[in-house]
Amino acid sequence: MNLKGSKLRIEKIDECRYRIPKTGKMRVDGVIYVDQKMMDEIIATDESLIQVANVAHLPGIQKYSLAMPDIHWGYGFPIGGVAAMDVEQGVISPGGVGYDINCGCRLLITRISKKDIKDRIRELVDALFKAVPCGVGSKGKIKLSKNEEKKVLEQGSRWAVKEGFGTEEDIARTEEGGMLKGADPDLISERALERGKEQLGTLGAGNHFLEIGYVEEIFDEKTARAFNLFKDQVTILIHCGSRGLGHQICDDFIRIMMKSIDELGIELPDRQLVSAYIKSKEGQAYLSATATAANFAWANRQIIMHWVREAFSSTLAANIDEIGLELLYDVCHNIAKIEEHEIDGKKRKVCVHRKGATRAFPPKHPDVPKIYREVGQPVLIPGDMGTESYVLVGTQKAMEDTFGSTCHGAGRIMSRSKAIKFTKGRAIQRELENKGIIVKAKGSKTLKEEAPEAYKDVSHVVDIVHKAGISKKVARIKPLGVVKG
DNA sequence: ATGTGC
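These numbers come from a predicted model, not from an experiment. (Residues numbered from 1 in each chain as written. Chains lettered and ligands numbered in written order. Predicted model: local features only at pLDDT ≥ 70, side-chain atom pairs only at ≥ 80, totals over all residues. Heavy atoms only, no water.)

> How should I be thinking about the overall build of chain A in this particular structure?
Across its full length, chain A carries 17 helices and 19 strands. The globule rule puts the C-alpha radius of gyration for 485 residues at 23 Å, and the 21 Å found for chain A is close to it. Counting only C-alpha atoms and orienting by the principal axes, one finds that chain A spans roughly 65 × 50 × 50 Å. Within chain A, the fraction of its 485 residues that count as buried is 64%. Restricting to contacts in chain A with at least 6 residues of sequence separation, those with at least 24 account for 77%. Accessible surface, chain A as shown: approximately 18,600 Å² in total, 48% of it carbon and sulfur. (Helix = DSSP H or I, 4+ residues; strand = E, 2+ residues; numbered from the N terminus. Rg over C-alpha atoms; globule rule 2.2 N^0.38 Å. Buried < 20%, exposed > 50% of the residue type's maximum accessible area, 1.4 Å probe, protein only. Contact = heavy atoms within 4.5 Å. Areas by Shrake-Rupley, 256 points an atom, 1.4 Å probe, with all protein chains shown as cover.)

Structure, rendered in C-alpha cells:
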C-alpha cells in the first residue's frame, strides 16, 4: 500500500506492526505499532505517518523510527514517536520531546474501596479543585525567588521533599528519582525563569487533570500484588507537566537551533525537525535545559500530590496513614534521555527521544525501583476524561524492540479546534455526569477540546501494546471524578 | 501543551 500523496509504502509486519521501508534519504525503516483498524484510523486522521518517515532522516538514528498506537500529528516528530540517536554521531531535537517537557503522570493508591466514597465524589472533586490551582496561566500558591527557583530546577522532587512536600519514599517511586542530572539553570532564558517563578504547584490546562478513580479490573494478579493494587481500590491520577517554563525552553531552543541548522550538513525533510548534534554546544545546552524543565515538572507533580493528599484526607476526616495515599509511581512521557541499549549485540549509548511515549523497563533493570525490580517498571496510561486509564508493566521485549518504550495515552483523533466545532452546543459536563463521572473544570472550552470523541479508544491502544508485548496489562482504572484546567 | 494566534 502506498501512503496517499507520498512515495511511502506501508507493509504489514504482523498483527500489530507495520513497516515503512526506507526510501530516498531515510536512514532506517519506520515501524508503527498498530493493527489494521488503527492504521486505517490514522491514515484517515492526519499525516503523522509521514512524520515517522521524516524522523528516519535524522543523523545517528538507530534501528527504526518508531511510533506507538496513540500516534498523531505533532511539531516535527509525531506524538507517540520514539527515536534513539547515537550519542557520538547523532542529533537531539526539541520536536522529539515536545513543548511540554516532562509531561507525565503519577498514581496515588489508597487502602479504601469505591464503596467508602461512593456518595462523596462531588465533595472530593470540589476539595481537589480548591487545593490545586488550575487553568491556563494559573499561578501557584508558591512564589519563588530566582535563587530558590534554580534549586528547584537542579533538584526536582528532592527540593519539594526537602521543603516538606511528601516523603523520601515518594522519590524512590519516581522515574529518575525525580531529578535528572546535569540540569544547569544558567543555560535557560530569563523569560523561562520568569514564567516558572509563579507556576510551581499548578496543574495547567488542556489534557492535564486530577482524576479520582477505582480499580475496575485486574488482568495480572501477581504484578497487581507487587504494585499493591486490589479490585475496587480508590486511586488518584495526576497528569501535568512543566507549564510555561518548559514551553518557553522548547520555544527558545527551536529558535537557537534554527540559527545553526546549516551546521547539520543535511537537508531536513521538514524544518520542524530542527536539531543539533548531541556533542555540539547547542545540543549539550538543550539536553541540560530539558533536565531543568523535567525537574520543574517533577517538583510540580510532587507538590500537587502533597496538596491532593491533604485535601483528600481532610475531606474524609481521616488520617493519611489510615487511607494510604501512597505513590505507586511517577512516569514521564515527553523527554530525551541518554540511556544504554543493546544494538546489534553491542551496548551503546543513545539519546532516546520519547514524545508521547512512556519508558517501560523490564524486570531486573537497575533503573526500576527496588520494590518493583522483580516484576518490572509500572507504566501509567491515562485515558481521556470519559473513559478509563491503565496500569501496565514494562517488559524485556520493549527493551529489545522499542528502546524500552510503550504508548502514553489515548492519543488525539481530532485537533483541538475540530473538537470545539464538533461539540458545539453540547454540555460535556452534564454528559459525563450522566455516565457517572463528576467533572469540575476551570474553563468550558477545555471540556470541549477534551471531549471523549476527540480521542482514540485508550483500551484499543493498550490492547495493541499488550499484544505486541512491549508492556503488559496489569489493571484498568475507571474514573469517578475529574478536575480539569 | 502554551501569559493559545506573527
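> Mind showing me how you'd approach the packing of aromatic side chains here?
To describe a pair of aromatic rings, you give the distance between the ring centres and the angle between the ring planes. A complete count under the given rule lists six aromatic pairs for this structure. Aromatic rings pair up to connect Phe227, Tyr329 and Tyr372 into one cluster. Directly above the aromatic system of Phe403 lies the positively charged group of Lys63, at a separation of 5.4 Å from the ring centroid. Between Lys440 and the ring centre of Phe129, over which it is positioned, the NZ or CZ distance is 5.0 Å. (Phe/Tyr/Trp six-rings, centres within 6.5 Å; stacked < 30°, edge-to-face > 60°. Lys NZ or Arg CZ within 6 Å of the ring centre and 35° of its normal.)

> What's the story with unusual backbone geometry in this structure? I'm lost.
Note on backbone geometry: most residues besides glycine have negative phi, and most peptide bonds are trans. With a phi close to 55°, Arg243 is a non-glycine residue in the positive phi region. Overall, the relative accessible area of 14% leaves Arg243 in the buried class. Unlike most non-glycine residues, Asp344 shows phi in positive territory, near 50°. Examined against the element boundaries, Asp344 turns out to sit in the loop between strand 12 (334–343) and strand 13 (346–355).

> Please explain the protein's contact with DNA strand B as it appears in this structure.
Residues in contact with DNA strand B amount to 17 residues; listed here are only the nearest, Arg195, Gln199, Gly206, Asn207 and Arg243. Among all atoms of DNA strand B positioned within 4 Å of the protein, those belonging to sugar or phosphate total 51%. Between a base oxygen of DNA strand B and a side-chain N or O atom of Arg191, the distance comes to 3.3 Å. Elements supplying a minimum of two residues to the surface near DNA strand B: helix 8 (190–197) and helix 10 (243–259). With three residues, the single largest contributor to the surface near DNA strand B is helix 10. (Near = heavy atom within 4 Å. Polar contact = N/O pair within 3.5 Å; in protein donor to acceptor, adjacent residues only side chain to side chain.)

> Sorry if this is basic, but what is going on with the side chain of Asp252 here?
Relative to the helices and strands, Asp252 resides in helix 10. Salt bridges are absent for the buried Asp252, whose nearest opposite-charge side chain, Arg255, sits at 5.2 Å. Residues in contact with Asp252, not counting those within four places in the same chain, are Ser189 and Ala192. (Lys, Arg positive; Asp, Glu negative; His and termini not counted. Salt bridge = Lys/Arg side-chain N within 4 Å of Asp/Glu carboxyl O.)

> Where do I start with the pattern of salt bridges in this structure?
Opposite charge on two side chains lets them pair, provided their charged atoms get close. Within the structure shown, the criterion is met by 40 salt bridges. Asp330 is the salt-bridge partner of Arg301, the closest N and O atoms lying 2.9 Å from each other. In this pair, Arg301 is assigned in helix 11 (residues 281–315) and Asp330 in strand 11 (residues 324–332), connecting sequence segments 29 residues apart. Here Arg301 matches Asp330 in class, with each residue buried. A salt bridge links Glu339 to Arg354, with the nearest nitrogen and oxygen atoms 3.0 Å apart. Remark: Arg354 occurs in strand 13 and Glu339 occurs in strand 12; sequence separation between them is 15 residues. Neither Glu339 nor Arg354 differs from the other in exposure class; each is buried.

> Is there a simple way to think about helix 10 in this case?
The α-helix advances 3.6 residues per turn, and as a result positions three or four apart in sequence lie on the same side. In a regular helix each residue adds 1.5 Å, so 17 residues correspond to 24 Å; helix 10 covers 25 Å between its end C-alpha atoms and thus fits that length. Looking at helix 10, one finds that the buried residues are Arg243, Gly244, Leu245, Gly246, Gln248, Ile249, Cys250, Asp252, Phe253, Ile254 and Met257. Buried residues along helix 10 sit in contact with strand 6 (91–92), helix 5 (146–155), helix 8, strand 10 (276–277) and helix 11. (Expected span 1.5 Å × (residues − 1).)

> I tried to follow the packing of helix 10 against helix 11 on my own but got confused; where do I start?
The description of two packed helices rests on the angle between their axes and on the distance between the axes. Contact geometry of helix 10 with helix 11 gives a least axis separation of 9 Å together with a crossing angle of 170°. Considering their axes alone, helix 10 and helix 11 lie roughly antiparallel with respect to each other. Contact with helix 10, carried on its side by Arg243, Leu245, Gly246, Ile249, Phe253, Ile256 and Met257, involves Glu282, Ala285, Tyr286, Ala289, Thr292, Ala293, Phe296 and Asn300 of helix 11 and no other residues of that element. Residue composition of the contact of helix 10 with helix 11, by class: 10 nonpolar, three polar and two charged. (Axes fitted to C-alpha atoms, helices over the stretch in contact; angles between N-to-C directions. Parallel < 35°, antiparallel > 145°, perpendicular 65-115°, else oblique. Nonpolar A, V, L, I, M, F, W, Y, C, P; charged D, E, K, R; others polar.)

> What am I meant to see in helix 5 here?
Of all the residues in helix 5, the buried ones are Glu149, Val152, Leu153 and Gln155. The elements touched by buried residues of helix 5 are helix 6 (157–162), helix 8, helix 10 and helix 11. At the exit of helix 5 stands Gly156, carrying a positive phi of roughly 55°.

> Would you mind showing me how to read the environment of Thr23 here?
You can see Thr23 is positioned in the loop between strand 2 (17–20) and strand 3 (29–32). Exposure remark for Thr23: the relative accessible area of 36% places this residue in the partly exposed category.

> Explain the packing of helix 4 (residues 121–131) against helix 11 to me, please; I cannot follow it from the model alone.
With their axes 9 Å apart at the nearest point, helix 4 and helix 11 run at an angle of 145° to one another. Read as a crossing pair, helix 4 and helix 11 show a hand that is right-handed. Contacts from Glu123, Leu124, Ala127, Leu128 and Ala131 in helix 4 reach Trp307, Val308, Ala311, Phe312 and Thr315 in helix 11. For the contact of helix 4 with helix 11, the per-class residue count stands at eight nonpolar, one polar and one charged. (Left-handed = near helix turned anticlockwise from the far one by under 90°.)

> Is there a simple way to explain the environment of Leu447 in this structure?
Mapped onto the elements, Leu447 comes out in helix 16 (residues 444–449). The class for Leu447 is buried, based on a relative accessible area of 7%. Each C-alpha atom, one on Leu447 and one on Lys484, is 7.7 Å from the other, the two residues being 37 residues apart in sequence. In contact with Leu447, other than residues within four places in its own chain, are Met385, Ile428, Gln429, Val439, Ala441 and Lys484.

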